[in-house]
Structure formats: C-alpha cells, structure tokens
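Residue-level structural notes
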Amino acid sequence: LKLSVFYKWAARAVLKKADFVTCATKAQYNVLLEYIPAAKIRMLPFSVDCEVFKPGTKKESRKNKTIGVVKTLGPTYGIEYLIQAVPHITKKFGELEVLIIGGGNQDPYRKMAQELGVENIIKFLGEVPDKDVPEYLAQMDVFVMPTVYESFGVAALEAQAMEVPVVASRVGGIPEAVIDGSTGFLVEPKNPKVIADAVIKLLSDDSLRARMGKNGREFVLKYYDWTSNMDEREKLYLELAERFKSKTKN
C-alpha cells in the first residue's frame, strides 16, 4: 500500500500522541513500528467465542463429503476459484456437496456452476444469521477460503475452532490465521487446481483431517479465544485509567 508523504506525516503525528496503539495482526504491528516504538504498541488479536464455535455433531452414515465457505459473494473472496475447483474434486469424490454461504449476487456464480456441470452439487444458501453459522460449519469436512486478498481471516478461525481443517489462499494476513500443514493448507491464490489438490488430500485421509481439526481448535484456544483476549483488553484499559489518574493528580 503506497501512502502519500502527507498521510505518513499526519499518521506519525497522531500516533505519537497516543499512550498506546492497538493492532490485531502482526502485519499491522510491523506497519506501526515505522511510526512509533514497540513499547507503545499492544497486540489485541481478533477473537472467536469458542463456546459458540465448538465441535458439532457430524452427519453420520453419509456417502457424500461436504466442503464449503462462509463469505460474501464478490471478487475479493474468490468464490469463483472454489467453483472452478469442484470439477477436479468430483473426479475423486463424485458424492460431493458444496455449501456456499454469504450474501451478494449469486447469478454469475450460478451461471458458472451450470457451465461447469456442477450446479446440482453446489448449494447457494445466501446470507444466514450469525447464530446459524456454527450449524453450517459443523456439516463441513473442509472449509475452503479462496480469497484473493484478506487482511486476516476470522472465518478461518471460526472453522478451526469447530475442528474443521481449512484450505486457504496464502495472501494478506491469512498465514497468521492458518498454520500451513498443521491446521490446514495454504495454497497459491487464483488457482483452482491447487485448491482441489489440497481439498482432495484432506477428504482422502480421515486421520489427517481429524488431526488437523484438533490442531486447529487448540490453536484458536491458545491465541484467539474471546474470553482470554477480553481479559487482555481489560488490563490495558485499567492501565490507561491509572495513567489518566496520575496525570490529573499532577
């Protein structure tokens, strides 16, 4: 991201006046280091309510494997690359079900699915209430996030909290949200074939899928649990309150 000289000057002037500056990702932290010392920066990462997003009951005795995504339908999130990957996946798993959940214009994606002959495999469910998202994630064997660019990837954390391994693009802040080879696979963006290969690898190996699912939940609980991160926020606010008291006394 190229910023003007004036913008950089203004940002530095504003940030220097702050007692603390918070950020949610390592990428943001590195940018802030260009303006202020590390002692003034506090990492308060994005968080997931792990009591809401927790392992659900999978459908038993089913022949079909299920993959899916929960994202707005639009060019940023690369839904077309997931759709283009489906014909490759069905060569191995004919009984496949694909859930595409999110608001936006479905027409171009439905047309693409029809042209590729996979319209009966893909279910466009539209936007769903937040409270229903865990229920849909629980149906998935693999969560696919074919994003073209994303600053972080909270959706990946939600899936991992439910022990669903993730296949996601290696772009933006996603490598902070998915541990390649441990909680899922990071793949080249805009490449349906590599998406398909990673999904096939997971769908073909129940033990790998289960192991990555367990790793994902542990990862989210350790670094991105809502309760723990709210405690850190509270500590910071109390520290700021004490500083304010000291300043007013003086």
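Everything that follows concerns the structure shown earlier in this document.
Presented here is a report on the structure given in the accompanying data block. Only a predicted model underlies this, so the values are computations on that prediction, with no experimental measurement involved. (Residues numbered from 1 in each chain as written. Predicted model: local features only at pLDDT ≥ 70, side-chain atom pairs only at ≥ 80, totals over all residues. Heavy atoms only, no water.)

Focus on the packing of aromatic side chains
- Scanning the entire structure with this criterion turns up six aromatic pairs.
- Members of the aromatic cluster, each reached through a chain of ring pairs, are Phe46, Phe152, Phe219, Tyr223 and Tyr224.
- A cation over an aromatic ring shows up here: Arg42 above the ring of Phe20, its NZ or CZ 4.3 Å from the ring centre. (Phe/Tyr/Trp six-rings, centres within 6.5 Å; stacked < 30°, edge-to-face > 60°. Lys NZ or Arg CZ within 6 Å of the ring centre and 35° of its normal.)

As for the pattern of salt bridges
- Within the structure shown, the criterion is met by nine salt bridges.
- Put simply, Lys65 and Asp206 hold a salt bridge, and the shortest N to O gap is 3.5 Å. Here Asp206 lies in helix H9 (residues 206–223) and Lys65 lies in strand S3 (residues 65–70), a separation of 141 residues in the sequence.
- Among the residues examined, Lys65 registers a relative accessible area of 18% and is labelled buried.
- Residue classification places Asp206 among the partly exposed residues on the basis of a relative accessible area of 48%.
- In this structure, Lys131 engages Asp132 in a salt bridge whose closest nitrogen and oxygen atoms are separated by 3.1 Å.
- Of the residues examined, Lys131 reaches a relative accessible area of 67% and is grouped as exposed.
- Here the residues in one salt-bridge network are Lys65, Asp141, Asp206 and Arg209, joined through shared partners. (Salt bridge = Lys/Arg side-chain N within 4 Å of Asp/Glu carboxyl O. Helix = DSSP H or I, 4+ residues; strand = E, 2+ residues; numbered from the N terminus. Buried < 20%, exposed > 50% of the residue type's maximum accessible area, 1.4 Å probe, protein only.)

Topic: the sheet that holds strand S7 (residues 166–169)
- As summarised here, the arrangement of the six strands in space is S5-S4-S3-S6-S7-S8, forming an open sheet in which the pairing is parallel. Edge positions in the sheet fall to strand S5 (122–126) and strand S8 (184–187), since each has one partner strand and no second. The average undirected angle you get between the axes of adjacent strands in this sheet is 20°.
- Across three bridges, the pairing between strand S6 (residues 142–145) and S7 is parallel. Counterpart to Phe143 in the pairing with S7 is Val166. (Pairing = 2+ DSSP bridges. Axes fitted to C-alpha atoms, helices over the stretch in contact; angles between N-to-C directions.)

Limitation: the analysis is restricted to geometry and does not speak to function.
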